Amino acid sequence: MAWRRIPPMTIAREYWQLTKPRVVALLVFTAVIGMFLAVPGLPPWRALVFGTLGIWLASAAAAALNQLIDQRIDRLMARTARRPLATGTLNSRQALGFALLLAAAAMLVLVLLVNVLTAVLTFASLIGYAVIYTAYLKRATPQNIVIGGIAGAAPPALGWAAVTGTLDPHALLLVLIIFVWTPPHFWALAIFRREDYALAQVPMLPVTHGVEYTRWHVLFYTVLLTLVTILPYLTGMSGLFYLGGVLVLDIGFLYCAVRLLRPPDEFYAMRVFNYSILYLMALFGFLLADHWLLAPALHPLMVYQRVG
């Protein structure tokens, strides 16, 4: 299919799909929340605007490189068969040029308009996801998503660094939450799509160790996630509003994980996957609402520190 024969709007749409917009939107959302959590009031507009732009550009570049490296796999899997490189709407040279352009623009924005620390951390995350995870870990071990999850968990710390120029322990706690959330989130999808992964010869956990084994691991990581998500309250980062909200979310996730052991139907794993996305968005929403609106009034430790 010749590039020039494709309508310009179709080409633009395919380039947009190359950036995995829904996945990147979730990453950028957690980065923006990290920016707001880093300061008592509103973050500086410069860091907010250009930090968000730079992190989005880098995330989009990583997504494009991911599809470039995974195009053989994508053609074999029903979930990804309509991606631009899998269908041939875009070719490898176009995808590589687009990804490099996005990455270069991201680094320029972050270095010149934000700070060097954010640029370095963002670049490391890009390489971690696009190269270390996609090109190596994904094909090397069934623990691929666990080890490689640190790259996808970085955005809150990137947002925090964009505002403060430092890496605070509370920022790393946000990274830890996403890091522990990633395995049960992705393994639920992998259970549902296990035949695709087997066909593509990707050693996802349900392919190498079976569905039952993976279901128990989803439950184990969900229990661990419940414990980790209480830490913002225990460390004084958040107050009672966050604690109440996250406990409700955790009970919901635990219910899903337990029921996944004996699911009512084959599609239940996808319902768990969809819940996990809503879970993370709501958790960060509770963090922001607690921090910005309610924490000083609800957390005794914060009140003490304020008075003292």
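Everything here concerns the structure above.
Residues numbered from 1 in each chain as written. Predicted model: local features only at pLDDT ≥ 70, side-chain atom pairs only at ≥ 80, totals over all residues. Heavy atoms only, no water.

Caption draft 1: Up close: the overall build of the protein chain. Secondary structure summary: the protein chain contains 16 helices and zero strands in total. The globule rule puts the C-alpha radius of gyration for 308 residues at 19 Å, and the 20 Å found for the protein chain is close to it. Reported as C-alpha extents along the three principal axes, the dimensions of the protein chain are approximately 70 × 50 × 30 Å. By residue count, 52% of the 308 residues in the protein chain fall in the buried class. Considering only intrachain contacts with a sequence separation of at least 6, the fraction spanning at least 24 residues in the protein chain is 74%. When the accessible area of the protein chain is evaluated, it comes to approximately 14,300 Å², of which 71% is carbon and sulfur surface. Here the protein chain carries 21 positive and 11 negative side-chain charges, and the mean point of each set is 10 Å from the other. (Helix = DSSP H or I, 4+ residues; strand = E, 2+ residues; numbered from the N terminus. Rg over C-alpha atoms; globule rule 2.2 N^0.38 Å. Buried < 20%, exposed > 50% of the residue type's maximum accessible area, 1.4 Å probe, protein only. Contact = heavy atoms within 4.5 Å. Areas by Shrake-Rupley, 256 points an atom, 1.4 Å probe, with all protein chains shown as cover. Lys, Arg positive; Asp, Glu negative; His and termini not counted. Charge placed at Lys NZ, Arg CZ, Asp CG, Glu CD.)

Caption draft 2: Looking closely at the packing of aromatic side chains. Per the stated rule, a full pass over the model turns up twelve aromatic pairs. With a centroid separation of 6.2 Å and an interplanar angle of 25 degrees, the aromatic rings of Trp-16 and Trp-56 are classed as stacked. Taken as a pair, Trp-16 in helix H1 (residues 8-18) and Trp-56 in helix H3 (residues 45-69) lie far apart in primary sequence, 40 residues in all. Taking relative accessible area as the criterion, Trp-16 reaches 43% and is therefore assigned partly exposed. On the numbers, 6.3 Å between centres and 50 degrees between planes, the contact of Tyr-275 with Tyr-279 is tilted. Of this pair, Tyr-275 and Tyr-279 both sit in helix H15 (residues 268-298), four residues apart, which is roughly one turn of the helix. Residue class for Tyr-279 comes out buried when judged on its relative accessible area of 1%. Grouped by ring-pair contacts, the aromatic residues Trp-187, Phe-220 and Tyr-221 constitute a single cluster. (Phe/Tyr/Trp six-rings, centres within 6.5 Å; stacked < 30°, edge-to-face > 60°.)

Caption draft 3: Seen up close, the packing of H1 against H3. Relative orientation of the contacting elements H1 and H3 amounts to 95 degrees, with a least axis distance of 8 Å. The angle between H1 and H3 falls in the class roughly perpendicular. Residues Trp-16, Gln-17 and Leu-18 of H1 form the contact with H3, whose own contacting residues are Trp-56, Ala-60, Ala-63, Ala-64 and Gln-67. A breakdown of the residues in the contact of H1 with H3 according to their chemical character gives six nonpolar, two polar and no charged. (Axes fitted to C-alpha atoms, helices over the stretch in contact; angles between N-to-C directions. Parallel < 35°, antiparallel > 145°, perpendicular 65-115°, else oblique. Nonpolar A, V, L, I, M, F, W, Y, C, P; charged D, E, K, R; others polar.)

Caption draft 4: Just helix H10 (residues 169-192), in detail. The first and last C-alpha atoms of H10 sit 36 Å apart over 24 residues, in line with the 34 Å expected at 1.5 Å per residue. At Thr-182, H10 shows its maximal bend, which comes to roughly 30 degrees, and the proline Pro-183 appears one to four places after that position. Among the 24 residues in H10, 18 count as buried, and that is most of the element. Where H10 starts, the residue carrying a side-chain oxygen 2.8 Å from the main-chain nitrogen of His-170 turns out to be Asp-168. (Expected span 1.5 Å × (residues − 1). Bend = angle between axes of the 7 residues up to and from the residue. Polar contact = N/O pair within 3.5 Å; in protein donor to acceptor, adjacent residues only side chain to side chain.)

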